[in-house]
Amino acid sequence: MPEGPSLVILKELLDPLITGKKITGASGNAKIDMSLFEGKKVTAVRSWGKHLLIILPDCTIRIHFLLFGTYSIGEHIKRDAQLRLKLSFVSTTIYFYTCAIKVLEGDIDKIYDWEADVLNTNWSAAKARKKLKEMPGVMACDALLDQNIFAGVGNIIKNEVLFRIKLHPEARVKNIGPRKLGALIKEARNYSFDFLRWKKEFTLKKHWLVHTKKTCTRCNIPLIKKYCGKTRRRTFFCNKCQLKS
DNA sequence: CTAAATGTTAAGCC
DNA sequence: GGGCTTAACATTTA
């Protein structure tokens with residue numbers, strides 16, 4: 001469930017259900033103090049990158065689904081999974097499984113830079129470019145996965161963005177021309193919205209052009225599958241049409 | 001059945 | 001302290 005768009009979908013589902021509603025019960029095996037939540041009204045539900053934020057008057061519940069996290073609304077479906085947190089409301093109950101949960105204190109706007117979230121209305125391409133300029137030796141594949149720059153971008157989005165803009169995953173930031181760098185930043189956000197739309201339509205996989213593919217859809221030659229960069233994540237790319245600059 | 005995968009963090013080692 | 005590598009976590013699917 002991990003990449004940013006999936007969190008936006010969850011936020012959109014939860015917001016109308018629980019914002020303004022009082023938490024009547026909280027339980028689960030997450031190592032947090034759940035007594036803080038009982039009786040509190042949800043101020044807002046937001047997402048930042050791959051984080052889901054349930055904002056209460058005095059604290060924020062931060063949920064990160066990592067690789068295998070899931071949730072259910074209304075009923076406890078995954079009985080075999082680790083139930084980290086169950087939040088009860090008069091009207092509904094929500095369940096979070098196999099995720100990392102943390103309670104954040106203080107002003108959420110001081111903790112999160114909304115300009116770094118590729119799916120946020122406050123996203124700043126200029127800021128992303130500035131951060132990239134500060135890391136000339138970093139490979140494009142690693143830069144895209146850097147949550148400080150492109151919060152919400154995951155491995156699938158990374159692969160698809162690089163293919164779309166015809167950039168080799170191992171291209172170093174310093175060797176990428178200004179126009180290409182601009183395209184990288186633009187597509188990180190743009191593809192994320194395509195991902196969001198296709199995910200909602202349950203047609204995401206159908207739209208993959210390189211991720212898990214064997215043959216280049218552009219030039220028909222075999223694609224390379226390699227664990228690239230410092231992140232050593234699975235990368236699919238075309239050695240011919242994805243250039244190193 | 002085994003391995004790998006949409007991810008991050010902590011621990012251990014120069 | 002910093003930077004890098006490895007392990008750990010946990011579930012589903014190929």
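Before reading further, recall that the structure is shown in the block above.
Residues numbered from 1 in each chain as written. Chains lettered and ligands numbered in written order. Predicted model: local features only at pLDDT ≥ 70, side-chain atom pairs only at ≥ 80, totals over all residues. Heavy atoms only, no water.

Things to note about the protein's contact with DNA strand C
As a structural note, the neighbourhood of DNA strand C is formed by Phe68, Lys78, Ala81, Gln82, Arg84, Thr98, Lys230 and Arg232. Those atoms of DNA strand C that come within 4 Å of the protein belong to sugar or phosphate at a rate of 65%. With respect to DNA strand C, the side chain of Lys230 contributes an N or O atom lying 3.2 Å from a phosphate oxygen. Here the residues of the surface near DNA strand C sort into two nonpolar, two polar and four charged. (Near = heavy atom within 4 Å. Polar contact = N/O pair within 3.5 Å; in protein donor to acceptor, adjacent residues only side chain to side chain. Nonpolar A, V, L, I, M, F, W, Y, C, P; charged D, E, K, R; others polar.)

Focus: the protein's contact with DNA strand B
Taken together, 16 residues surround DNA strand B, and among them Gly154, His211, Tyr227, Arg233 and Arg234 come closest. For DNA strand B, the fraction of atoms within 4 Å of the protein that belong to sugar or phosphate moieties is 70%. Within the side chain of His64, an N or O atom sits 3.3 Å from a phosphate oxygen of DNA strand B. Tyr227 places a side-chain nitrogen or oxygen 2.3 Å from a phosphate oxygen of DNA strand B.

A closer look at the packing of aromatic side chains
Per the stated rule, a full pass over the model turns up seven aromatic pairs. Centroid distance Tyr191 to Trp198: 5.9 Å. Interplanar angle 70°. Geometry classified as edge-to-face. Residues Tyr191 and Trp198 agree in their burial class; the two are buried. Through a chain of ring-to-ring contacts, the aromatic side chains of Trp48, Tyr112 and Trp114 assemble into a single cluster. Directly above the ring of Trp114 sits Arg46, whose terminal nitrogen or CZ lies 3.7 Å from the centroid. The aromatic ring of Phe163 is capped on one face by Arg218, whose charged end is 4.0 Å from the ring centroid. (Phe/Tyr/Trp six-rings, centres within 6.5 Å; stacked < 30°, edge-to-face > 60°. Buried < 20%, exposed > 50% of the residue type's maximum accessible area, 1.4 Å probe, protein only. Lys NZ or Arg CZ within 6 Å of the ring centre and 35° of its normal.)

All we've got here are geometric facts, nothing functional implied.
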